[in-house]
Amino acid sequence: MKHVLDKTNLYYVMSKKEEPVLNINPGDTVEIHTADCFSDQIISPDMDFSAVDWSNSNPATGPIYVNDIHPGDVLKVTIETIELGSRGLATVNAGAGVMRDYIEKRCVKMFDVDTEHHTTNFNGLIMPLNPMIGVIGNAPADASVPNSTPGPHGGNMDSKKCTDKSIVYLPVFQEGALFGLGDVHAKMGDGEVGISGLEIDAAVTVKLEKAENLATVHPVVIDEEGIYMFVSDESLDNGVDESVKQMIKILQPLTDLSLEEITILMSLAGEAQINQVVDPLKTARFFIPHYVLNHYSIEFS
Ligand code: CA
Ligand code: ZN
């Protein structure tokens, strides 16, 4: 069954206290309409930004209660399509992002997005789009987590790997998962170094169901290239280490390899990568290509 969730259902904190706005069965699809990460408040680069509520950021649309999904399960989210709006923005500000000590004032640039040619125009530079979902997650275990912050539940992981045709696996901590997403970017590079992507409204269609055989305590993404383990931490160093350990934890039992051998394999075939370095927690991702999974007949569903 297909459902539609419109933009009146925005929320800013992932929490078990957030009342679900839609109840679905596993295997249903939902077309989720999302506001940009500033709740669609910015309509012109010349407007008075003092009128903008910048704290009201990273809205998700939802949450969605999925029947028969329980704490300890993993929610399998298949991203079927991402339809972008026609206009978005990117911004930097004093005190934010990698250049936080040097940028002196807020700067906003607006972008027309050409969805037919899959491009946007930066001062005459034509760039390809790479649509992605910044915020995607379930209600966390205990405390409420603002949507600005990523974690084991998902949240603001800002990964360009959360794109159409990817499958996102999210640990479930509350009955029904209480899933939501938002903060779509039309374009962003690994790191999101300036603090924003090309922030835009969108409609995202996802299928939600229970993962059959992937037990993970951190978010995992599978795309046509391979499998990624996402770990968020105050320290990127710790995030990278933990993403490797967590990947070994899910893969080793499915192989005949010793810990020494699988560590060698991770070192040869794995890639330590970065989602973002600018959110309250940074998010590392560790990648293993499909040829490794295929060799050991590992198939997650
Ligand atoms: Ca974000
Ligand atoms: Zn964003």
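The structure under discussion appears in the preceding block.
All figures in this text were calculated on a predicted structure; none of them were measured in a lab.

Here is what the cut-offs are and how they apply
- Residues numbered from 1 in each chain as written.
- Chains lettered and ligands numbered in written order.
- Predicted model: local features only at pLDDT ≥ 70, side-chain atom pairs only at ≥ 80, totals over all residues.
- Heavy atoms only, no water.
- Pairing = 2+ DSSP bridges.
- Helix = DSSP H or I, 4+ residues; strand = E, 2+ residues; numbered from the N terminus.
- Axes fitted to C-alpha atoms, helices over the stretch in contact; angles between N-to-C directions.
- Buried < 20%, exposed > 50% of the residue type's maximum accessible area, 1.4 Å probe, protein only.
- Donors = N, O, S within 2.8 Å, 3.2 Å for Na, K, Ca; no water.
- Core = buried A, V, L, I, M, F, W, Y, C linked by side-chain atoms within 4.5 Å.
- Domains from an automatic or database assignment.
- Contact = heavy atoms within 4.5 Å.

In any sheet, the strands associate via hydrogen bonds between backbone groups, in a parallel or an antiparallel arrangement. Taking strand neighbours across the sheet as the criterion, the four strands line up as 8-9-10-11 in an open arrangement whose pairing is antiparallel. Edge positions in the sheet fall to strand 8 (87-92) and strand 11 (125-128), since each of these pairs with one other strand and no more. Looking at each pair of strands side by side, their axes are set apart by 30° on average, direction ignored.

Before going further, it helps to examine the pairing of strand 22 (residues 282-289). Of all eight residues that make up strand 22, seven are buried, and the element is covered over most of its length. Note that strand 20 (residues 226-233) and strand 22 share eight bridges and pair antiparallel. Among the inter-strand pairings, Ser-232 is bridged to a residue of strand 22, identified as Thr-283. Where strand 21 (residues 271-276) meets strand 22, five bridges bridge the pair, whose relative direction is antiparallel. Directly across from Ala-272, in strand 22, lies its bridge partner Phe-286. With antiparallel pairing between neighbouring strands as the criterion, strand 21 and strand 22 make up a hairpin whose turn holds five residues.

Burial along strand 1 (residues 2-5) is one-sided: His-3 and Leu-5 are buried, while Lys-2 and Val-4, pointing the other way, are not. Looking at chain direction, strand 1 and strand 5 (residues 29-34) are connected through four bridges and run parallel. Within the sheet, the bridge partner assigned to Lys-2 lies in strand 5 and is Thr-29.

This part takes up the coordination of the calcium ion (ligand 1). Coordination sphere of the calcium ion (ligand 1), protein contribution only: Asn-156 (OD1), Asp-158 (OD), Asp-158 (OD) and Asp-183 (OD), at 2.2 to 2.6 Å. Here the donor residues of the calcium ion (ligand 1) share one chain and are spaced in sequence as N-x1-D-x24-D. Relative accessible area serves as the criterion here: at 2%, Asn-156 is assigned to the buried category.

Moving on, we come to the nonpolar core. Core analysis: the biggest nonpolar cluster contains 38 residues, and Ile-64, Ile-136 and Phe-179 have the highest contact counts within it. Top contributing element to this core by residue count: strand 7 (residues 74-84), with five residues. Among the domains, domain 1 (2-207) and domain 2 (220-295) are the pair contributing at least three residues each to this core. Core analysis: the second largest hydrophobic core is formed by 24 residues, Tyr-169, Ala-269, Phe-286 and Val-292 among them.

Pairing within the open sheet is mixed, and its nine strands lie in the order 1-5-18-7-16-19-20-22-21. What marks the edges here is a single partner per strand, and that holds for strand 1 and strand 21. In this sheet, neighbouring strand axes are inclined to one another by 25° on average, regardless of whether the strands run parallel or antiparallel. In this sheet, strand 18 (residues 202-210) lies alongside strand 7 in antiparallel orientation, the contact comprising nine bridges. Its bridge partner being in strand 18, Ile-82 is matched across the sheet by Val-204. Strands strand 21 and strand 22 of the sheet are contacted by helix 2 (residues 259-269), whose axis makes an angle of about 100° with strand 22.

Remember that the coordinates give geometry; whether it matters functionally is a separate question.
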